[in-house]
Amino acid sequence: MDVSKTIPNVDSSSLEIASDETLRVKDSGITTAKLADGSVTAAKKAALNQQESSSCSAFSTTSTSLVDVTNLSITITTNGRPVMIILRPNHSSQESTIYVNGSNHGVYHLFRDSTFVGGGFMPGSGLQGSCPTVFYESSLAAGTYTFKIQAKVTGAATTLSMSNYTLVAIEL
């Protein structure tokens, strides 16, 4: 049976005739606008993709150039959806802190591969803080990305310390 003779018009963008002469919907042939409300159920949605690093334990630096923070690096393979990256306490029995000892300041940056995404600042003079930092990447194509935290101090005689933090990436 020649299917092309029984179907008056196949638009070639959403439908196709397979080699076995069956009519089928092409991959990506139906747009969201053509779906009925509620027709995509939770069971049909892709699961959240999540990665978490090991704890940075007790990291410190006196470098005035950016250096990798121990263990705060993760690699995630995405499907092209937005990604949320969180620098957060690791929920151990140990306190999580960022501490700067000295008159200068501490800085930490998040990189996606070699691209700067965002960062944080901690004033000097012995101030201490402990709060999660959230970054959001809304325009990533499907692919594999490595996110990492680097840190430095802004001048001599200053130490930046980070303890008990992890880096988490969640594809939304």
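Residues numbered from 1 in each chain as written. Predicted model: local features only at pLDDT ≥ 70, side-chain atom pairs only at ≥ 80, totals over all residues. Heavy atoms only, no water.

Asker: Is there a simple way to think about the packing of aromatic side chains in this case?
Answerer: Overall, the coordinates contain one aromatic pair when judged by the stated rule. Centroid distance Phe111 to Phe116: 6.0 Å. Interplanar angle 70 degrees. Geometry classified as edge-to-face. (Phe/Tyr/Trp six-rings, centres within 6.5 Å; stacked < 30°, edge-to-face > 60°.)

Asker: Can you help me understand the pattern of salt bridges in this one?
Answerer: A side chain of one charge can pair with a side chain of the opposite charge when the charged atoms of the two come close. Under the counting rule described, the total for this entry stands at four salt bridges. With its nearest N and O atoms 3.2 Å apart, the salt bridge here joins Lys148 to Asp68. You can see Lys148 sitting in strand β12 (residues 143–153) and its partner Asp68 sitting in strand β5 (residues 67–78), a full 80 residues away along the chain. Using a relative accessible area of 44% as the deciding quantity, one classes Asp68 as partly exposed. (Salt bridge = Lys/Arg side-chain N within 4 Å of Asp/Glu carboxyl O. Helix = DSSP H or I, 4+ residues; strand = E, 2+ residues; numbered from the N terminus. Buried < 20%, exposed > 50% of the residue type's maximum accessible area, 1.4 Å probe, protein only.)

Asker: Before we go on, may I ask you to explain the sheet that holds strand β14 (residues 165–171) in this structure?
Answerer: Picture the strands of a sheet paired through backbone hydrogen bonds; they go either parallel or antiparallel. In spatial order, the strands read β3-β14-β6-β11; together these four strands make up an open sheet with antiparallel pairing. Each of the sheet's edge strands pairs with one partner strand only, and the pair in question is β3 (49–52) and β11 (133–137). Pairwise comparison of adjacent strand axes, ignoring direction, gives a mean angle of 15 degrees for this sheet. The pairing of β3 with β14 spans four bridges and is classified as antiparallel. Bridge pairing in β14 places Glu52 opposite Val168. (Pairing = 2+ DSSP bridges. Axes fitted to C-alpha atoms, helices over the stretch in contact; angles between N-to-C directions.)

Asker: Looking at this model, I keep getting lost on a nonpolar patch on the surface. Mind explaining?
Answerer: Taken together, the side chains of Val25, Ile30, Leu35 and Val40 make up a nonpolar region of the molecular surface, amounting to roughly 320 Å² of accessible area. As for its placement among the helices and strands, Val40 is situated in the loop between β2 (23–25) and β3. (Patch = residues over 30% accessible without salt bridge, like charges linked within 9 Å, V, L, I, M, F, W, Y side chains within 5 Å. Areas by Shrake-Rupley, 256 points an atom, 1.4 Å probe, with all protein chains shown as cover.)

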